[in-house]
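# Survey of secondary and tertiary structure
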There are 2 protein chains.
Amino acid sequence: MNAVNRDEGIWSPQGPATVLSEDSCWAILETHSFGRVGLSNENQPEIFPVDYAVTGREVVFRTADGTKLRHLTANPAVAFEVDERDGEEAWSISLRGEAHVLHDPSRVRRVEQLSWPDWVPTKTYVYVAIHPHVVSGRRISRHLHATRRDETSE
Amino acid sequence: MNAVNRDEGIWSPQGPATVLSEDSCWAILETHSFGRVGLSNENQPEIFPVDYAVTGREVVFRTADGTKLRHLTANPAVAFEVDERDGEEAWSISLRGEAHVLHDPSRVRRVEQLSWPDWVPTKTYVYVAIHPHVVSGRRISRHLHATRRDETSE
């Protein structure tokens with residue numbers, strides 16, 4: 001797994017940033033449940049929102065969409081992203097890895113016991129685990145200019 | 001452009017859904033400023049968050065990251081996604097299209113006048129326009145079960 005071991009301060013074009021350690025990334029992922037999966041279907045990227053849960057160091061999401069599953073079978077390489085921002089701060093966690101549809105009934109039963117939103121109407125879901133090769137995250141302070149510097153007046 | 005012309009009710013595995021018309025999608029995109037771009041680098045998808053603005057029927061985002069730009073030059077096919085959810089409702093708008101780095105100085109000046117967050121520290125941004133081939137969006141009612149039906153007790 002390619003990830004930094006501790007939070008590290010850096011400079012980014014969006015402001016002072018902190019590169020999050022792998023442990024910090026997982027701690028944040030575990031306290032959220034809504035993210036986005038990125039696919040590539042014959043080099044055309046696609047993004048779709050998903051409910052997810054963390055089990056061990058894998059992300060599991062659920063879907064019922066035949067097209068997505070066909071694309072995942074053709075190319076199991078996926079990206080996964082969770083983010084949040086308010087006026088002062090933003091963070092984003094990204095994974096890159098490989099997707100595996102869960103077929104083993106006992107594994108599916110364990111995954112069903114994880115914390116999922118319980119929507120109506122229910123339907124049989126397909127669960128897909130993402131085994132990550134790369135985990136990365138950063139937190140950025142987003143301080144607004146108090147006054148904008150007018151470069152044309154100098 | 002491949003999109004429906006009016007909002008249409010459908011059923012989705014996540015609950016009753018409305019497929020949004022192209023006009024509804026653009027109206028929502030115009031009132032938001034934070035989304036996610038999906039790339040595919042040699043069939044490995046990547047997702048990164050961006051500030052964006054809408055001009056005409058294109059999305060423009062800004063970046064200063066050399067790696068992303070290299071990947072976009074190698075494969076200009078992109079996805080772009082904006083979403084929001086609260087307890088009752090969720091919506092998601094997705095675009096698929098082609099990315100073009102803006103080089104023309106007068107076009108860049110016009111794009112700089114759009115509504116961008118004005119972060120400190122500033123840096124020279126590269127602006128990238130997405131010309132969409134497909135625009136799609138849906139709004140889903142997310143009503144929780146009042147009580148969970150216990151299927152094992154029947």
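What counts as what
- Residues numbered from 1 in each chain as written.
- Chains lettered and ligands numbered in written order.
- Predicted model: local features only at pLDDT ≥ 70, side-chain atom pairs only at ≥ 80, totals over all residues.
- Heavy atoms only, no water.
- Helix = DSSP H or I, 4+ residues; strand = E, 2+ residues; numbered from the N terminus.
- Buried < 20%, exposed > 50% of the residue type's maximum accessible area, 1.4 Å probe, protein only.
- Areas by Shrake-Rupley, 256 points an atom, 1.4 Å probe, with all protein chains shown as cover.
- Salt bridge = Lys/Arg side-chain N within 4 Å of Asp/Glu carboxyl O.
- Arc of directions from axis to C-beta.
- Contact = heavy atoms within 4.5 Å.

## Concerning the overall build of chain A
Scanning chain A from N- to C-terminus turns up three helices and eight strands. Its helices and strands in sequence order give chain A the pattern β-β-α-β-β-β-α-β-β-α-β, from N to C terminus. The buried share among the 154 residues of chain A stands at 48%. Surface summary for chain A: the accessible area is close to 7900 Å², and the carbon and sulfur share equals 47%.

## Observations concerning the pattern of salt bridges
Residue and element names in this part refer to chain B. Tallying each qualifying case throughout the model produces 20 salt bridges over all chains. Between Asp 23 and Arg 57 there is a salt bridge, with the nearest N and O atoms lying 3.0 Å from each other. With Asp 23 in helix H1 (residues 22-30) and Arg 57 in the loop between strand S4 (44-55) and strand S5 (58-63), this pair connects stretches of sequence that are 34 residues apart. In this structure, Arg 62 and Asp 51 form a salt bridge, with 3.9 Å as the shortest nitrogen-oxygen distance.

## A look at helix H2 (residues 66-74) of chain A
Residues and elements named next belong to chain A. Of all the positions in H2, only Lys 68, Leu 69, His 71 and Leu 72 are classed as buried. Along the long axis of H2, the arc covered by the buried residues comes to 160°, so they all point the same way. Facing away from the buried side of H2 by over 90 degrees, the exposed positions are Arg 70, Thr 73 and Ala 74. Next to the buried residues of H2 lie strand S3 (34-41), strand S4 (44-55), strand S5 (58-63), strand S6 (77-85), strand S7 (89-101) and strand S8 (126-141).

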